[in-house]
Amino acid sequence: MENIKNIRITFLFIILLFSGTIISQNKITFKVDGTCEMCKNRIEETALEFDYVEAAKWNENSKEISLEIDGDRSNVDEVQRAIADIGHDTEKYKAPDEVYENLPMCCHYRDEDISDDHSDHVHGRVWETDFDGKKQYIEGVNIIWKGTTDGVVSGKQGTFVLPRTDNSDRVLISFVGYETKDVLVGDKNFVEVVFSQNKLLDEVIVSYRKESTSISFLKTLKTQDISEEELQKAACCNLSESFETTPSVEVSSTDAVSGTKQIEMLGLAGSYVQITRENMPETRGLSALYGLTYTPGSWIESIQLNMGTGSVINGFESITGQINTELKKPDSGEKLGLNAYANAMGRVEANANFRIELNENLSTAVLLHGNTRAIKWDKNNDGFLDSPFGDQIIVLNRWKYNGHDGWQGQFGIKGLSLNQKGGQVNYYEKNSDVFWNSSLKTDRIDSWLKVGKVIDDKSSFGIQISGILHNQESNFGPRIYNAKQSSLYSNFIYQNALNEKHEIKTGLSFMYDNYNEDFESSTYLRRENVVGAFTEYTYKGSEKFTGVLGLRVDNHNNFGVFVTPRLHLKYAVSDKSVFRLSMGRGQKTASIFAENIGAMASSRRFIINSTDSDNPYGLSPEVAWSYGLNYSKGIEINNRNLTLNVDYFFTNFENKIVVDYDSSPKELSFYNLDGRSFSHSIQLQADWEVIERFDVRLAYRFNEVKTDYKTEFMSKPLLSPHRAFVNLAYATNSKWKFDFTTSWQSSKRIPGTSSNPVEYRMPDYSPSFFIVNSQISKSWYSEKLELYIGVENLFDFKQSNPIISSDNPFGEYFDASMVWGPVFGRNIYTGIRYKI
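All values reported here derive from a predicted model rather than from experimental measurement. (Residues numbered from 1 in each chain as written. Predicted model: local features only at pLDDT ≥ 70, side-chain atom pairs only at ≥ 80, totals over all residues. Heavy atoms only, no water.)

**Here we look at the overall build of the chain**
Here comes step 1: The helix and strand tally for the chain stands at eight helices and 46 strands.
Here comes step 2: Viewed in the frame of its principal axes, the chain has a C-alpha envelope of about 140 × 60 × 50 Å.
Here comes step 3: Taken over 836 residues, the chain has a buried fraction of 53%.
Here comes step 4: Considering only contacts in the chain between residues 6 or more positions apart, those separated by 24 or more positions represent 62%. (Helix = DSSP H or I, 4+ residues; strand = E, 2+ residues; numbered from the N terminus. Buried < 20%, exposed > 50% of the residue type's maximum accessible area, 1.4 Å probe, protein only. Contact = heavy atoms within 4.5 Å.)

Next up, the structure:
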């Protein structure tokens with residue numbers, strides 16, 4: 001019996017010993033470096049990817065991970081290797097430096113200065129559980145401090161790093177299709193947010209009131225983001241009319257006959273502004289002025305506007321700024337949008353856009369526009385139509401492909417037909433050629449292609465290709481101007497985020513333009529091709545400082561090799577106080593006829609002082625250096641944001657094509673600059689939500705623009721040196737919106753007419769004047785249906801006698817280009833919008 005008892009004890013001891021051995025083999029511990037909850041999630045989840053790892057727990061204090069593994073597998077060497085491969089050093093393996101550097105800053109355990117203190121930031125991760133309960137990380141989630149516009153977007157692994165603010169301790173976390181979360185952060189350094197499929201919404205809930213025009217405190221380049229809501233504060237029939245509530249852009253008429261609108265920025269003509277469609281060149285060459293009417297306002301999703309030189313990636317032509325339009329997309333936004341509009345000038349237009357998602361990868365959209373102006377107005381009784389009549393049709397079809405493998409592609413084609421007529425009323429009433437008339441007929445096709453590939457989390461590349469065919473026939477009285485343009489543009493861009501601090505973009509570009517212009521009795525042919533290479537380096541030295549250095553080298557078939565450097569710096573004193581500095585070079589070839597087409601509505605002789613017959617028009621390229629300084633400050637008053645902006649820009653021309661109206665009232669001369677030409681521009685702007693849903697925008701702008709003309713050093717004609725601006729916008733809970741805009745312009749210098757007979761002279765300066773616009777709108781059915789009514793130039797201010805010698809338009813003194821104010825006067829309009 002004793003032997004049996006001893007055998008049992010021995011057997012039990014062996015079993016316990018064997019069990020202990022199994023337990024010790026199933027629990028394995030080793031060192032892993034890390035700093036925070038984000039590290040913990042990353043390390044544990046990597047270990048759990050192996051089938052034989054049943055549990056993993058990493059301790060932030062001891063820097064050890066404890067694994068429970070299946071008894072059949074005890075070799076965890078590959079687990080250590082996998083953890084090192086994602087950026088965390090282990091006992092056996094060191095993480096690659098490039099992977100470590102690409103971790104969020106809070107996870108940089110090798111840098112004691114970073115890992116010891118995360119008080120300036122909140123770190124976190126966003127994920128969702130699907131219907132099977134599996135965890136899926138969400139990219140593109142908006143994380144915004146409540147009551148502010150300061151925020152970030154989650155990355156590919158659902159991670160985010162949000163700079164702290166003194167203005168809020170709660171964040172709003174929103175993602176399309178899910179209920180918005182309001183999370184108390186307090187003193188937490190790490191926030192983990194989980195969305196659940198059972199919280200899916202039928203509609204998107206807006207979690208905060210976004211400003212209709214905003215300026216980010218995070219971007220290096222100061223950029224105004226103008227939303228669709230801002231555009232809807234005014235009639236906004238096309239791009240040229242999209243800036244009525246934007247103080248940075250001045251809108252005026254080119255002449256008293258064609259009704260064409262032109263823009264100015266920093267006191268200089270719109271031709272010095274690079275105008276792009278989704279970062280590809282659009283309005284240039286023959287479309288320098290009329291091209292602004294080729295983009296209907298109802299097609300625009302948003303506009304990004306920056307003053308001064310832009311990025312070298314987009315080319316070398318930007319001198320005073322860049323205006324980029326984003327059109328309605330095939331894969332997002334409203335599925336159907338309809339808009340009808342009519343005004344007192346006899347303009348009637350209709351717009352429609354709809355999109356279809358063919359499958360999860362492919363979508364398409366069709367955008368339609370048509371307008372007609374049939375009424376012939378002569379409200380000032382000078383015998384000339386106050387605006388032309390005619391019609392315009394624009395059709396656009398675009399496609400977008402989103403692949404699961406990182407490939408993306410876009411294709412679009414746009415066709416336009418424009419036919420308008422103007423001139424003396426008697427020409428159309430009596431159908432006689434003895435009266436002065438004007439006409440413009442344009443047919444144009446634009447097409448573009450974008451292809452891109454996301455290689456990995458750090459790098460991607462893209463290819464942009466666009467083409468233009470433009471055919472224009474026009475006359476201004478006896479003056480004939482017919483022109484054709486064919487253009488091709490291509491751009492290859494490679495981008496690599498080397499690590500958290502360094503990013504580089506580089507690429508190649510090619511631009512080809514072929515122009516054939518028949519003006520009066522002469523033909524002007526020019527063919528330009530430019531091959532370029534560019535590099536843009538971004539350095540994020542700290543949370544406070546960011547620098548972007550760009551350089552491109554181009555070879556022009558006429559002008560040879562030239563270099564375009566650009567520099568943008570940002571220093572954040574705090575999260576709501578930012579200084580920005582920009583400087584750079586810009587170069588462009590002037591299209592002297594298209595850019596000054598308003599002067600054709602006159603008897604002025606066009607005189608071109610050529611200096612080199614090999615160059616376009618025999619003139620040199622326009623070259624300027626632009627320097628800018630901006631300060632943006634955000635202040636919270638009664639829990640509402642007040643944003644202050646101060647801008648100063650200095651543009652200095654090395655060469656300019658001087659457009660000289662002053663040498664003689666019977667001539668318009670073009671010549672290369674001989675001397676100085678510069679622009680000083682100062683703008684002060686305040687945007688404040690005074691009370692809930694009541695926004696006030698105040699601005700003052702001063703421009704000093706001077707050039708050495710042949711006669712003397714003078715200020716630019718028909719430019720207001722001073723402008724004051726007020727915009728008031730109020731929205732009620734019952735979906736009423738009230739918008740009121742007034743601007744004051746100081747007197748403008750008028751080109752000299754003293755050599756004309758007394759009856760054909762104009763004063764040296766115009767009077768100062770106010771222009772007031774207002775609009776009221778009401779929406780129903782969750783803002784799907786909206787009716788609006790408004791008035792432009794409420795107090796009916798008009799320039800008296802805008803046409804010199806209107807009684808004798810074929811005489812030598814006729815001039816309809818001396819326009820310094822409104823020609824038509826009060827204009828009442830109404831419209832209706834519907835979208836689903």
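Past the structure itself, the notes keep going.
**Brief notes about the layout of surface pockets**
Here comes step 1: What the second largest pocket holds in volume is close to 260 Å³.
Here comes step 2: What lines the second largest pocket is simply Glu278, Glu301, Glu326, Lys329, Lys400, Gln408, Gln410 and Lys450.
Here comes step 3: Taken together, the residues of the lining of the second largest pocket sort by class into no nonpolar, two polar and six charged. (1 Å grid on protein atoms, 1.4 Å probe; cavity = no way out; pocket = protein on both sides within 12 Å on 5 of 7 lines; lining within 4 Å. Points joined across faces, edges and corners; volume = space filled by probe spheres on them. Nonpolar A, V, L, I, M, F, W, Y, C, P; charged D, E, K, R; others polar.)

**Things to note about empty space enclosed by the protein**
Here comes step 1: For the coordinates displayed, the defined rule picks out ten cavities of 30 Å³ or more.
Here comes step 2: Taken as a whole, the second largest cavity holds about 340 Å³ of empty space.
Here comes step 3: Residue lining of the second largest cavity: 27 residues in total, with Arg284, Gly285, Glu317, Lys588 and Thr589 positioned closest to the centre.
Here comes step 4: Of all the secondary-structure elements, those providing two or more residues to the lining of the second largest cavity are β17 (273–277), β18 (280–283), β29 (502–519), β30 (522–539) and β33 (577–588).

**Digging into helix α3 (residues 77–85)**
Residues spaced three or four apart along an α-helix point in a common direction, a consequence of the helix completing one turn every 3.6 residues.
Here comes step 1: Every buried residue of α3 is listed here: Val79, Gln80, Ala82, Ile83 and Ala84.
Here comes step 2: For α3, the secondary structure elements touched by its buried residues are β1 (27–31), α2 (37–47), β2 (53–59) and β3 (64–69).
Here comes step 3: Downstream of α3 by one or two residues, Gly87 has phi in the positive range, about 120°.

**Here we look at the pattern of salt bridges**
Here comes step 1: What the rule picks out here adds up to 43 salt bridges.
Here comes step 2: In this structure, Glu357 engages Arg355 in a salt bridge whose closest nitrogen and oxygen atoms are separated by 2.9 Å.
Here comes step 3: For Arg355, a relative accessible area of 12% puts it in the buried group.
Here comes step 4: Ionic pairing is found between Lys588 and Glu595, a salt bridge with its closest N-O pair at 3.1 Å. For the pair formed by Lys588 and Glu595, the shared burial category is buried. (Salt bridge = Lys/Arg side-chain N within 4 Å of Asp/Glu carboxyl O.)

**Section: unusual backbone geometry**
Here comes step 1: At Asn279, a residue that is not glycine, the phi angle is positive and equals roughly 65°.
Here comes step 2: Following the sequence through the fold, Asn279 ends up in the loop between β17 and β18.
Here comes step 3: Its relative accessible area of 31% is what places Asn279 among the partly exposed residues.
Here comes step 4: The phi angle at Leu718 is positive, at roughly 60°, despite the residue not being glycine.
Here comes step 5: Within the fold, Leu718 resides in the loop between β41 (713–715) and β42 (722–731).

**Section: the sheet that holds strand β12 (residues 213–215)**
Here comes step 1: The strand order across the open sheet built from six strands is β12-β13-β19-β20-β17-β18, with neighbouring strands paired in mixed fashion. Bordering the open sheet on either side are β12 and β18, each of which pairs with just one other strand. Neighbour-to-neighbour, the strand axes of this sheet turn through a mean angle of 30°, independent of strand direction.
Here comes step 2: Across three bridges, β17 lies against β18 in antiparallel orientation. Looking across to β18, one finds that Thr276 is bridged to Pro281. (Pairing = 2+ DSSP bridges. Axes fitted to C-alpha atoms, helices over the stretch in contact; angles between N-to-C directions.)

**Quick look at the confidence of the model for the chain**
Here comes step 1: The share of residues in the chain with pLDDT of 70 or more is 91%, and the mean pLDDT across the chain is 88.
Here comes step 2: Taken as a whole, residues 198–208 scores under 50 in pLDDT and shows 18 contacts with residues more than four places along the chain or in a different chain. (pLDDT = per-residue confidence, 0-100.)

**A closer look at the packing of aromatic side chains**
Here comes step 1: Within this structure, the stated rule accounts for 34 aromatic pairs.
Here comes step 2: Ring plane angle 10° and centroid distance 5.0 Å describe the contact between Phe769 and Phe797, whose orientation is recorded as stacked. Here Phe769, found in strand β44 (residues 769–780), pairs with Phe797, found in the loop between β45 (785–792) and β46 (827–835); they are 28 residues apart in sequence, far enough to count as distant.
Here comes step 3: Using a relative accessible area of 23% as the deciding quantity, one classes Phe797 as partly exposed.
Here comes step 4: Ring pairing ties together the aromatic residues Tyr481, Phe519, Tyr524, Phe593, Phe606, Tyr617 and Phe670, which thus form one cluster.
Here comes step 5: Between the NZ or CZ atom of Lys376 and the centre of the ring of Phe389, over which it lies, the distance is 4.5 Å.
Here comes step 6: The ring of Phe713 has Arg676 sitting right over it, with the charged end atom 3.9 Å from the ring centre. (Phe/Tyr/Trp six-rings, centres within 6.5 Å; stacked < 30°, edge-to-face > 60°. Lys NZ or Arg CZ within 6 Å of the ring centre and 35° of its normal.)

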